[in-house]
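For reference, the chains in residue letters:
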Amino acid sequence: MPLNQLERVLAWISAAMAFVAKILIAAIAAMMFYEVIMRYIVGQPTLWVYETSLWFGSIVFLISGVTVMEKRGHIRVTVIYDAVSSGTRRIFDGLSALLTGVFAFCLVFGSFNEARDKLLRWETLGTIWNTPVPAVVKPLLLVVVTLIAIQAVVYLFIDREGRQIDRPKIDVE
């Protein structure tokens, strides 16, 4: 797949994940509001709100990493990065992409069987509400880390070309 097509696919995936994160954050806020009403006004707290909001929150945390990487919002020690020459910055960028790829490979290689087993068993938390947090979050972690590593390498080449990323617009409105 040519770099331009891969760039567009990654930008679309990032925008779609940002949209899903917005929906899940709104759902968490609505659930918390419902819990407050049920607990303090009606006097009947729910069993499901805490676990479901924890589940949704962990998904938001994971998928937000793809969007942060796409927007270049990750943490960088700018005091050092800004003080060095453009050649040294390229070395830093290459090293960063390499280390991101190595980390992703090690995580996926070491956790793939466990994530697959949790998904195939549809493993749940084992609580009274019994949400499938492990069955969803563990495989999603591997998908997100792989996407971030691919983004790191693709964006490294885009940066070397001096181009800006073409970001699609997917919005709630």
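Scroll up a little and you will see the structure.
The sections below set out a description of the structure shown in this document. It should be emphasised that the depicted structure is a prediction, and the values quoted were computed from it without experimental measurement.

Some points on the pattern of salt bridges
Here's step 1: Taken as a whole and assessed by the stated rule, the structure comprises 6 salt bridges.
Here's step 2: Close ionic contact of Arg39 with Glu35 constitutes a salt bridge, the shortest N to O distance being 2.9 Å. Residue Arg39 and its partner Glu35 are both found in helix α1 (residues 3-42); the two are separated by 4 residues, about one turn of the helix.
Here's step 3: One salt bridge in this structure joins Glu114 and Lys118, with 3.7 Å as the shortest N-O distance. Highlighted residues: Glu114 and Lys118, both in helix α4 (residues 86-121), separated by 4 residues, approximately one helical turn.

Details of helix α2 (residues 49-70)
Here's step 1: Along its 22 residues, α2 runs 31 Å from first to last C-alpha, staying within 8% of the 32 Å computed at 1.5 Å per residue.
Here's step 2: Approximately 25 degrees is the largest bend angle found in α2, and it occurs at Ser64.
Here's step 3: Following α2 by one or two positions, Arg72 adopts a phi angle in the positive range, close to 60 degrees.

So, the packing of α1 against helix α5 (residues 133-161)
Here's step 1: In contact at an axis separation of 10 Å, α1 and α5 are set at 130 degrees when each is read in the N-to-C sense. Judged by the angle between their axes, α1 and α5 are oblique. Relative to α5, α1 is oriented so that their crossing is left-handed. Residues Leu3, Leu6, Glu7, Leu10, Ala11, Ile13, Ser14 and Met17 of α1 form the contact with α5, whose participating residues are Leu147, Ile150, Gln151, Val154, Tyr155, Phe157, Ile158 and Glu161.
Here's step 2: Here the contact of α1 with α5 is composed, by residue class, of 12 nonpolar, 2 polar and 2 charged.

Observations concerning unusual backbone geometry
Here's step 1: Positioned with a positive phi, Trp122 is a non-glycine residue whose angle comes to about 50 degrees.
Here's step 2: Checked against the element boundaries, Trp122 lands in the loop between α4 and α5.
Here's step 3: Overall, Trp122 belongs to the partly exposed group, its relative accessible area being 46%.
Here's step 4: A positive phi angle is found at Asn130, which is not glycine, with a value near 60 degrees.
Here's step 5: With respect to the secondary-structure elements, Asn130 resides in the loop between α4 and α5.
Here's step 6: We classify Asn130 as partly exposed; its relative accessible area is 33%.

Conventions and cut-offs
- Residues numbered from 1 in each chain as written.
- Predicted model: local features only at pLDDT ≥ 70, side-chain atom pairs only at ≥ 80, totals over all residues.
- Heavy atoms only, no water.
- Salt bridge = Lys/Arg side-chain N within 4 Å of Asp/Glu carboxyl O.
- Helix = DSSP H or I, 4+ residues; strand = E, 2+ residues; numbered from the N terminus.
- Expected span 1.5 Å × (residues − 1).
- Bend = angle between axes of the 7 residues up to and from the residue.
- Axes fitted to C-alpha atoms, helices over the stretch in contact; angles between N-to-C directions.
- Parallel < 35°, antiparallel > 145°, perpendicular 65-115°, else oblique.
- Left-handed = near helix turned anticlockwise from the far one by under 90°.
- Contact = heavy atoms within 4.5 Å.
- Nonpolar A, V, L, I, M, F, W, Y, C, P; charged D, E, K, R; others polar.
- Buried < 20%, exposed > 50% of the residue type's maximum accessible area, 1.4 Å probe, protein only.

So yeah, pure geometry; function would need other evidence.
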